[in-house]
Structures are given as C-alpha cells and as structure tokens.
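What the coordinates show
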Amino acid sequence: MKLKIALVQFARGENFKDNVERMRKILSSIKNVEIVCLPEAWVGKALILKPEDVNHILSSIGEIARRNRFNIILGGFFTKRENRIISTCHLINSRGEVVGFTDKLFPSAAVGERRFASFGEKLEVFTVNNVKFGVVICVDIMYPEIVRKLALNDAKIIFNPANIPKNRIKLWEHIGITRASENTVYYVFVNNTKTTYPDGRKVMGESFIAAPNGEIVFKADESENVFHVKLDLSTIEKVRERWPYLSDIKNLKTLNNPSMKNIT
C-alpha cells in the first residue's frame, strides 16, 4: 500500500493574518493526496492564538480539506486551554471535521517556551484510510519514549512538524533516522523556511523523510513549496521481518520483572 502525503514548507512572515491567508491559498492548490502536514508555528513566532482565531483557522482550513478531499495535520500553535497555554496540533479529516488533537508534551526550555507555556497532556494515535500515525511536535522528538509509545500503539508513521534552525538540521537528520529505525516506522519532518528561530537564527527548510530502514528517502531544498511524496507502507513489514525491535519489546517480560528495580 502506498500513502500519498504532502509536506508544506512554509515561508512564515511576521503578520498572523497574512500567514493564514497565504496558507489557505497554498492548501487550495493541493490535490490528489491523502494527508497534508504543516510545520509547527506557521501562524507566527511565539504567538498565542485567541479562541476566535483558532476557530477561524479550523473552519476555513477545514473547508479546504473537505473541498480537496484530504486530511490535514495543522502543525501546532499555542492556544489557551483552561487558563493554560499549550501547543496543540489538530487533525482535520477529509470531511472538514476536527477529529482530534495532540499536544507538545515538553515546551522547549532552550528558547524559553516554558516561561509561558504548560506541559502538554494528550498524545494520540490517529487513523486515516486504515493507516495509523502519530504527531510529535518539534522538540518532543528528542524524547525516544514518546515515539516508542506511539509505535507500540501501532503508529506506522511519525509526523514531526517543527521550526528548526539551519545549523541544527544535521542533528535533526540523525535523530529522525534513529527514531525511524529503532521503531521501524516512517519519520516525516516538516519545517518552516525563510524565517527565523526565536533567537534570530535562520530557519531554511530542508524537510525530510526517513524510512524504517534508516535511509533518508526524501530531502527538500530551502524553497517555500509543497512536496508530494508516496510512502510505501509495505516497506515497514519487510524491515520488521529483519529487525523485530518492536515485537521484542512487546514480548520482553524482563522489563517488568521486580528484580530489575535492584539494577543501579
């Protein structure tokens, strides 16, 4: 089975409304795909959205998803939830409905997100056309336990919408390859481009996809663009026949053995 996805590498500007309108135009041009993934924080830098802004994004982009018949991963933006600020990524289905969301569990300490944002609470496995996948927002990919939990719950693809500076792309490639191969899943990194990191470093795209065997099977340039990729999901089972890492973990009773508590 092959899954058709689109990665939107977005040149984020300074104005929130302009970003939303430009993103709507880009999304309107996308056809013949099953899942579209946006980068993190494409709406603006450290922007906390008002409820009416969130509703506008969900409804207006939902209409495009319904019209063009694709599911869309909204990437993640800061919203208020019960008097707390949490980075949240919504999933809109091909009928234009919001079917769920997942959180950024660990706001970035490095760029000061923890000064205003709370730790997330929700991690979800989504299903589109019988394919299960998870979304890990930006720096959450640094926590292998998060991806392993999703993979143990049958996620076959891990989407990682992010906003990563150019001088950290090589690091992200190493991490993405590791997460893909240790869990035998596809890893999909979607970045902004032609914008800046909170500390001023340049963010210049270079989104990529790592396959379950640890190979990078797609690498974007620095342009603002929509990249269409077909994921061959049969590769997952072929790799797992040789690398039974997940089934080994599922069957490993030693980790639950009380005697393990004595290990120092």
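Relevant structure appears above.
First, a word on scope: everything that follows refers to the structure included in this document. (Residues numbered from 1 in each chain as written. Predicted model: local features only at pLDDT ≥ 70, side-chain atom pairs only at ≥ 80, totals over all residues. Heavy atoms only, no water.)

With that settled, consider the pattern of salt bridges. Once their charged atoms are close, side chains differing in charge can pair, the charge on each being opposite to the other. Inspection of every chain in the model, using the stated rule, returns 18 salt bridges. Linking lysine 122 and glutamate 124 is a salt bridge whose minimum nitrogen-to-oxygen distance equals 3.4 Å. Several salt bridges converge on common partners, so that one network encompasses Lys166, Lys170, Glu173, Glu206, Lys219 and Glu222. (Salt bridge = Lys/Arg side-chain N within 4 Å of Asp/Glu carboxyl O.)

It is worth spelling out the side chain of asparagine 163 at this point. Position of asparagine 163 among the secondary structure elements: in the loop between strand 10 (157-162) and helix 4 (169-183). A distance of 2.9 Å separates polar atoms of two side chains, one belonging to asparagine 163 and the other to asparagine 192. Apart from residues lying up to four places away in sequence, asparagine 163 is in contact with Arg12, Glu40, Cys138, Asn191, Asn192, Thr195, Thr196, Tyr197 and Val203. (Helix = DSSP H or I, 4+ residues; strand = E, 2+ residues; numbered from the N terminus. Polar contact = N/O pair within 3.5 Å; in protein donor to acceptor, adjacent residues only side chain to side chain. Contact = heavy atoms within 4.5 Å.)

Core analysis: the largest hydrophobic core is formed by 50 residues, its most contacted members being Ile5, Phe133, Ile157 and Phe159. Ignoring sequence-local partners within four residues, the contact set of isoleucine 5 consists of Val33, Ile35, Phe159, Val188, Ile209, Phe227, His228, Val229 and Leu231. Ile57, Ile61, Phe70 and Leu74 belong to the second-largest nonpolar core, a separate cluster that totals 27 residues. (Core = buried A, V, L, I, M, F, W, Y, C linked by side-chain atoms within 4.5 Å. Buried < 20%, exposed > 50% of the residue type's maximum accessible area, 1.4 Å probe, protein only.)

What follows is about the packing of helix 1 (residues 16-28) against helix 2 (residues 51-68). With their axes 10 Å apart at the nearest point, helix 1 and helix 2 run at an angle of 10° to one another. Between helix 1 and helix 2, the angle falls in the class roughly parallel. Residue-level contacts link Phe16, Val20, Glu21, Arg24, Leu27 and Ser28 of helix 1 to Asp53, His56, Ile57, Ser60, Ile61, Ile64, Arg67 and Asn68 of helix 2. Classifying every residue of the contact of helix 1 with helix 2 gives six nonpolar, four polar and four charged. (Axes fitted to C-alpha atoms, helices over the stretch in contact; angles between N-to-C directions. Parallel < 35°, antiparallel > 145°, perpendicular 65-115°, else oblique. Nonpolar A, V, L, I, M, F, W, Y, C, P; charged D, E, K, R; others polar.)

Enumeration according to the criterion identifies zero disulfides in this entry. Here cysteine 37 is not cross-linked by a disulfide; its sulfur's nearest cysteine counterpart is in cysteine 89, at 6.6 Å. On the accessibility criterion, cysteine 37 (0% relative accessible area) is buried. With no disulfide of its own, cysteine 138 has cysteine 89 as its nearest cysteine by sulfur position, at a separation of 12 Å. Given a relative accessible area of 6%, cysteine 138 falls into the buried group. (Disulfide = S-S within 2.5 Å.)

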